[in-house]
Amino acid sequence: MSRIVTLGAAQLGPISRTDTRSQAVSRMVDLLHRAKDRGCTAVVFPELALTTFFPRWYFEDQAEIDAFFETEMPGPETRPLFDAAARLGIGFYLGYAELAVQDGRTRHFNTSIIVDQSGRIVGKYRKVHLPGHAEHEPWRAFQHLEKRYFEPGDMGFGAWKAFGGVVGMALCNDRRWPETYRVLALQGVELMMLGYNTPIHYPPVPEHDHLQGFHNHLCMQAGAYQNGMWVVGVAKAGREEDCDLLGQSCIIAPTGEIVAMAGTQQDELVIHDCDLDRTREIKENIFNFALHRRPEAYALITERKGAVVAD
């Protein structure tokens, strides 16, 4: 028995501050055409795929910040991506900055969506684990102001039926937190789609710079294995506005093995035939939750936020 879904990790190279959304969309449409030629069911694009990674700059003018956000999806500049997907019969995951007005209040989220083969949005996720800092820190070579420009996601971790299986989403820093994968797995997720923008230089702890690639794969491989799911992690990569972004876009099997990985830091498509039924090898054996989990022993995970050393 098998359920094969041919998935593409659609890595993007750098996007400059002067590039338009239409230029970014054109590159993604090209990747969709390549995916169609290679038989893909769906592709995963990066986090904040429509613009440069703007949290690296400190802005005081809210209008200047809001210019990086989408007020509708699809909008005039992103509609060609949806139209191309529907025409080609390929689904996709897309990360972008979302400006939403809720109960008369303007809100800002780091968001991703799942779009099915008809071009219809079937799922939305807002990033929960925001990294970085909230105040101007001019000592840094570049800023990481996600905590200033975004609110933590208010939708939790959802699961949707798409592409013949159960699909979940995450964004960038979410991949470092084991709770992300576990909450998805407890909803039966078989495939996690994730986009990221990860600077290679980490100003607070630069001695870890050489470990960025290792840590990137370590957390996704562990999450895939410990929860019996496929993970597709996709980067915006390369030297973007004097900031080096990690590549290594990859597709990871439920066994934790990397089965496909990008070899460049430019626009690149890597593909694998993912059998969703292979998740059962893990879910029905070593990580059979119903048989082996002991949630009564894990209460601290939700009761306590920070560590408290026992007396």
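Q: Can you lay out the packing of aromatic side chains for me, pointing to particular residues and giving the numbers?
A: For any two aromatic rings, the description comes down to two numbers: the centre-to-centre distance and the angle of the planes. Under the defined criterion, the tally for this structure stands at 12 aromatic pairs. Arranged with centres 6.2 Å apart and planes meeting at 40°, the rings of Phe 59 and Tyr 149 form a pair that is tilted. Taken as a pair, Phe 59 in the loop between strand 2 (42-44) and helix 2 (62-66) and Tyr 149 in helix 4 (residues 146-149) lie far apart in primary sequence, 90 residues in all. Grouping residues by exposure puts Phe 59 and Tyr 149 together as buried. Through pairs of rings, three or more aromatic residues link up here, namely Phe 54, Trp 57, Phe 59, Phe 68, Phe 69, Tyr 149 and Phe 150. Residue placement shows Arg 56 over the ring face of Trp 57; its charged tip is 5.5 Å from the ring centre. Over the ring of Tyr 196 we find Arg 175; its NZ or CZ atom is 4.4 Å from the centre of that ring.

Q: Could you give me a rundown of the packing of helix 1 (residues 21-37) against helix 3 (residues 79-88), with the residues and numbers involved?
A: Relative placement of two packed helices is described by the angle separating their axes and the distance separating the axes. Their axes nearest at 9 Å, the elements helix 1 and helix 3 cross at an angle of 10°. Considering their axes alone, helix 1 and helix 3 lie roughly parallel with respect to each other. Of the residues in helix 3, those in contact with Val 25, Met 28, Val 29, Leu 32, His 33 and Lys 36 of helix 1 are Pro 80, Leu 81, Ala 84, Ala 85, Arg 87 and Leu 88. Looking at side-chain class alone, the contact of helix 1 with helix 3 contains 9 nonpolar, 1 polar and 2 charged residues.

Parameters and conventions
- Residues numbered from 1 in each chain as written.
- Predicted model: local features only at pLDDT ≥ 70, side-chain atom pairs only at ≥ 80, totals over all residues.
- Heavy atoms only, no water.
- Phe/Tyr/Trp six-rings, centres within 6.5 Å; stacked < 30°, edge-to-face > 60°.
- Helix = DSSP H or I, 4+ residues; strand = E, 2+ residues; numbered from the N terminus.
- Buried < 20%, exposed > 50% of the residue type's maximum accessible area, 1.4 Å probe, protein only.
- Lys NZ or Arg CZ within 6 Å of the ring centre and 35° of its normal.
- Axes fitted to C-alpha atoms, helices over the stretch in contact; angles between N-to-C directions.
- Parallel < 35°, antiparallel > 145°, perpendicular 65-115°, else oblique.
- Contact = heavy atoms within 4.5 Å.
- Nonpolar A, V, L, I, M, F, W, Y, C, P; charged D, E, K, R; others polar.

The quantities given are spatial measurements derived from coordinates; they are silent on function.
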